[in-house]
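Next come the chains, spelled out residue by residue.
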Amino acid sequence: MASTTTATAAAATRTYHDAIACLNTLQTNAATLAEVRTRSPAGTPNTAALSEMRGFVARAGYAPDDLNVLNLVHVTGTKGKGSTAAFTESLLRHAGEKTGLYTSPHLMEVRERIRIGGKPLAREAFAEYFFEVWDRLEATRDGVVEGPKMPNYFRFLTCLAFHVFMREKTTATILEVGIGGLYDSTNIITRPVATGITSLGYDHVAILGNTLSSIGRQKAGIMKPGVPCITAPQPAEGLAALSGYASEIGAPLALAAPLPPSIPLGLHGAHQRLNAAVALGLADVFLTRRLELSPRPAADLASSAPPSYAALLPAYLGKSGARAAAEDAGGAATPDELAPFSGNTLPPLTASVTLTPAHLAGLAGTSWPGRAQTVTGTGNRAGCVFRVDGAHTVESQRAIVRWFAETASASASRHLVFNLTHARDAAALLAPVAGQKWASVTFCTNDPWPASYAGPAGDTVNHNQARSDELAPQMAMRDAWVTMTGSGDGVAVVGSVAEAVDRVAGYDGEEKEVLVTGSLYLAGALLQVLECPVA
């Protein structure tokens, strides 16, 4: 009895910070990741990932079919999947469900990735659930004959999320895919209530391939036979991949119907209307299936709307002009750029939803930090208004530039703080912002504080990304900027987000509008520097 009591007491003393210290040991260092990427041809996913993940989940105490009780909604895509998951969670929570939400990455604290009822898991609950899973995996590691004995960082958090949702008995559980879909750790689930695919684009091409066809097929891998899938409008090549996969496995595929133009949303930017449309379709499918109602027939696209992306886009974004709407979406603004969307054989539109007060509250009440977020500076940063978005694709950058132009004060000076991760194409991603006028441009790392900072940083330690004392990636971005714009005036490279913020705050003028973009990790670091609460 004494030994059991002692063990229980020891377990009770383990804190959130202890959990983060253990979790960080599961990160893969940057050098190892670089070596793996060099060895693997582009478009080579880890096909062993799902079998390994099933093993970890089994050691944590669950079979994949056990998770069906959570009433799962699975969301993937290249752009907007996190926002769509957040909209879906809010809609279902306002409909009376006890919701669970799993997303990545976190901005300030790891517990943001696992939410109950729209709120990040409390530190105490995170620590308790964390060590329940950790101890089970540690106790069974010696029995592993093949493959890794412990999961990596993302896989562990996925196991933990499943455990939390099972313990909390959530009745509507939304899972955001990490990367891709087909071989993602979240895709061990067997029978979701619905799946959703947001806008496709080019990202993580080393894993998913460098064509929309290959990327689309990886994303389509979350579809399940007989389970409705709701998609955003897609380029023809990507949509063909989705439609082909849906046909192969017998998954009903529908195109999310546009929202009425007057509906207010909690997330800003016209591009969010696409994400909200997918979320509304997912929530409608969920509630219809959960209540065992007869599904409303999908609209016949041929008779209900013109069968072209260009004609539909204004309705999606609540705009009256196709060109303006396309620019808002971060999509094509010219006939040549709209060409990838031509020739689509579009799936049926989702059925029209009669919007109730709960629907309206869910859409208007959606909150998602780091996405089109506005933070007002205080103290020595008073007068600075930070417009923050983690956009990290070309299309998303175009959308955020338009959002900034529409929301920033016309009388304020304008400043850019920028960084990229994962060796993304600097010239391509800088192009949308390079066309604007800036009083200053600052390239920085995603580190919140300078290298000399001695305080705690457990949740934001990232061994996946090398910290370069020479700031070579940021200098390359600066060089790309100078080449594109023909000027280095007002351009600087600094080693941390705090230094970037202080640089902007030091500029003359009472009003400063600051766009901070290029990476979700950058967005999170800014919120940390500005001492924003975890939300």
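Report follows, based on the coordinates.

What counts, and where the lines are drawn
Residues numbered from 1 in each chain as written. Predicted model: local features only at pLDDT ≥ 70, side-chain atom pairs only at ≥ 80, totals over all residues. Heavy atoms only, no water. Helix = DSSP H or I, 4+ residues; strand = E, 2+ residues; numbered from the N terminus. Buried < 20%, exposed > 50% of the residue type's maximum accessible area, 1.4 Å probe, protein only. Contact = heavy atoms within 4.5 Å. Areas by Shrake-Rupley, 256 points an atom, 1.4 Å probe, with all protein chains shown as cover. Pairing = 2+ DSSP bridges. Axes fitted to C-alpha atoms, helices over the stretch in contact; angles between N-to-C directions. Arc of directions from axis to C-beta. Parallel < 35°, antiparallel > 145°, perpendicular 65-115°, else oblique. Left-handed = near helix turned anticlockwise from the far one by under 90°. Nonpolar A, V, L, I, M, F, W, Y, C, P; charged D, E, K, R; others polar. 1 Å grid on protein atoms, 1.4 Å probe; cavity = no way out; pocket = protein on both sides within 12 Å on 5 of 7 lines; lining within 4 Å. Points joined across faces, edges and corners; volume = space filled by probe spheres on them. Salt bridge = Lys/Arg side-chain N within 4 Å of Asp/Glu carboxyl O. Phe/Tyr/Trp six-rings, centres within 6.5 Å; stacked < 30°, edge-to-face > 60°. Polar contact = N/O pair within 3.5 Å; in protein donor to acceptor, adjacent residues only side chain to side chain.

1. As for the overall build of the protein chain
When helices and strands are counted, the protein chain shows 21 helices and 14 strands. Taking all 535 residues of the protein chain together, the buried fraction comes to 54%. Of the contacts formed within the protein chain by residues at least 6 apart in sequence, a portion of 80% connects residues at least 24 apart. Put simply, the protein chain shows about 21600 Å² of open surface, and 55% of that area lies on carbon and sulfur atoms.

2. Thoughts on the sheet that holds strand S14 (residues 512–517)
On the basis of which strands lie adjacent, the open sheet formed by 6 strands has the order S9-S10-S14-S11-S12-S13 and mixed pairing. Of all strands in the sheet, those with a lone pairing partner are strand S9 (373–376) and strand S13 (491–493), marking the two edges. Averaged over neighbouring strand pairs, the angle between their axes works out to 20° when direction is ignored. By the bridge criterion, 4 bridges tie strand S11 (residues 413–418) to strand S12 (residues 440–443) in an arrangement that is parallel. Following the sheet pairing, His415 is matched in S12 by Ser440. Against the sheet, helix H17 (residues 394–407) makes contact with S9, strand S10 (384–389), S11 and S14, and its axis sits at roughly 165° relative to S14, the strand it touches most.

3. Overview of helix H16 (residues 357–364)
Taken residue by residue, H16 has His359, Gly362 and Leu363 as its buried positions. Mapping the buried residues of H16 onto a view down its axis gives an arc of 95°, with all of them on the same face. Looking at the buried residues of H16, the elements they touch are helix H5 (81–94) and helix H11 (272–290).

4. Here's the deal with the packing of helix H9 (residues 212–220) against helix H10 (residues 236–249)
Running from N to C, H9 and H10 point in directions that differ by 40°, and their axes come no closer than 8 Å. Taken together, the axes of H9 and H10 lie oblique to each other. Note on packing geometry: the crossing formed by H9 with H10 is right-handed. Judged by residue contacts, Leu212, Ser213, Gly216, Arg217 and Ala220 of H9 engage Glu237, Gly238, Ala241, Leu242, Tyr245 and Glu248 from H10. Within the contact of H9 with H10, the residues separate by chemical class into 5 nonpolar, 3 polar and 3 charged.

5. Structural notes on empty space enclosed by the protein
Here the structure, examined in full by the defined rule, presents 2 cavities of 30 Å³ or more. There is about 70 Å³ of room inside the largest cavity. Thr103, Pro105, His106, Leu107, Glu112, Arg113, Arg115, Trp368, Pro369 and Arg371 are the residues that line the largest cavity. Looking at side-chain class alone, the lining of the largest cavity contains 4 nonpolar, 2 polar and 4 charged residues.

6. Observations concerning the pattern of salt bridges
A full pass over the atoms with the stated rule returns 15 salt bridges. Residue Arg111 pairs with Glu109 through a salt bridge whose shortest N-O separation is 2.6 Å. Here Arg111 falls in the buried class, since its relative accessible area comes to 14%. One salt bridge in this structure joins Asp502 and Arg381, with 3.1 Å as the shortest N-O distance. Here the residue Asp502 occupies a position in helix H20 (residues 497–505), and Arg381 occupies one in the loop between S9 and S10, the gap between them amounting to 121 residues.

7. Focus on the packing of helix H6 (residues 123–140) against helix H7 (residues 153–168)
Running from N to C, H6 and H7 cross one another at 120°; their axes reach a closest spacing of 10 Å. As H6 packs across H7, the resulting crossing turns out to be right-handed. Taking contact as the criterion, the partners of Phe126, Glu128, Tyr129, Phe130, Glu132, Val133, Trp134, Arg136 and Leu137 in H6 are, on H7, Phe156, Leu157, Cys159, Leu160, His163, Val164, Arg167 and Glu168. Looking at the contact of H6 with H7 residue by residue, the classes come out as 11 nonpolar, 1 polar and 5 charged.

8. Considering the sheet that holds strand S1 (residues 72–76)
With respect to topology, 8 strands assemble into an open sheet ordered S4-S3-S2-S5-S1-S6-S7-S8, the strand pairing being mixed. Strands with a single pairing partner mark the edges of an open sheet, and in this sheet they are strand S4 (119–120) and strand S8 (253–255). Strand contacts of H5: S1, strand S2 (99–102) and strand S5 (172–176), with the helix running at about 175° to S5, the strand carrying the most contacts.

9. A look at unusual backbone geometry
A cis amide bond links Ser104 with the next residue in sequence, Pro105, at an omega value of -5°. Positive phi outside glycine occurs at Glu531, with the angle close to 60°. Checked against the element boundaries, Glu531 lands in the segment after helix H21 (520–529). Classification of Glu531 by relative accessible area gives exposed; the value is 70%.

10. A look at the packing of aromatic side chains
Scanning the model with the defined rule gives 10 aromatic pairs in all. Among the aromatic residues, those joined into a cluster by ring pairs are Tyr16, Phe126, Phe130, Phe131, Trp134 and Phe156.

11. Considering the pairing of S2
With burial as the criterion, each face of S2 is covered, one bearing Thr99 and Leu101 and the other bearing Gly100 and Tyr102. As defined by bridge partners, S2 adjoins S5 across 4 bridges and the pair is classed as parallel. Following the sheet pairing, Tyr102 is matched in S5 by Leu175. Both S2 and strand S3 (residues 114–116) contribute to a ladder of 3 bridges, which runs antiparallel. Its bridge partner lying in S3, Leu101 is registered against Arg115.

12. Digging into H21
Most of H21 is tucked away, with 9 of its 10 residues classed as buried. Those residues of H21 that sit buried are Leu520, Leu522, Ala523, Gly524, Ala525, Leu526, Leu527, Gln528 and Val529. The distance from a side-chain oxygen at the start of H21 to the backbone nitrogen of Tyr521 is 3.0 Å, and the residue carrying that oxygen is Ser519. Positioned one or two residues after H21, Glu531 has a phi angle of 60°, which is positive.

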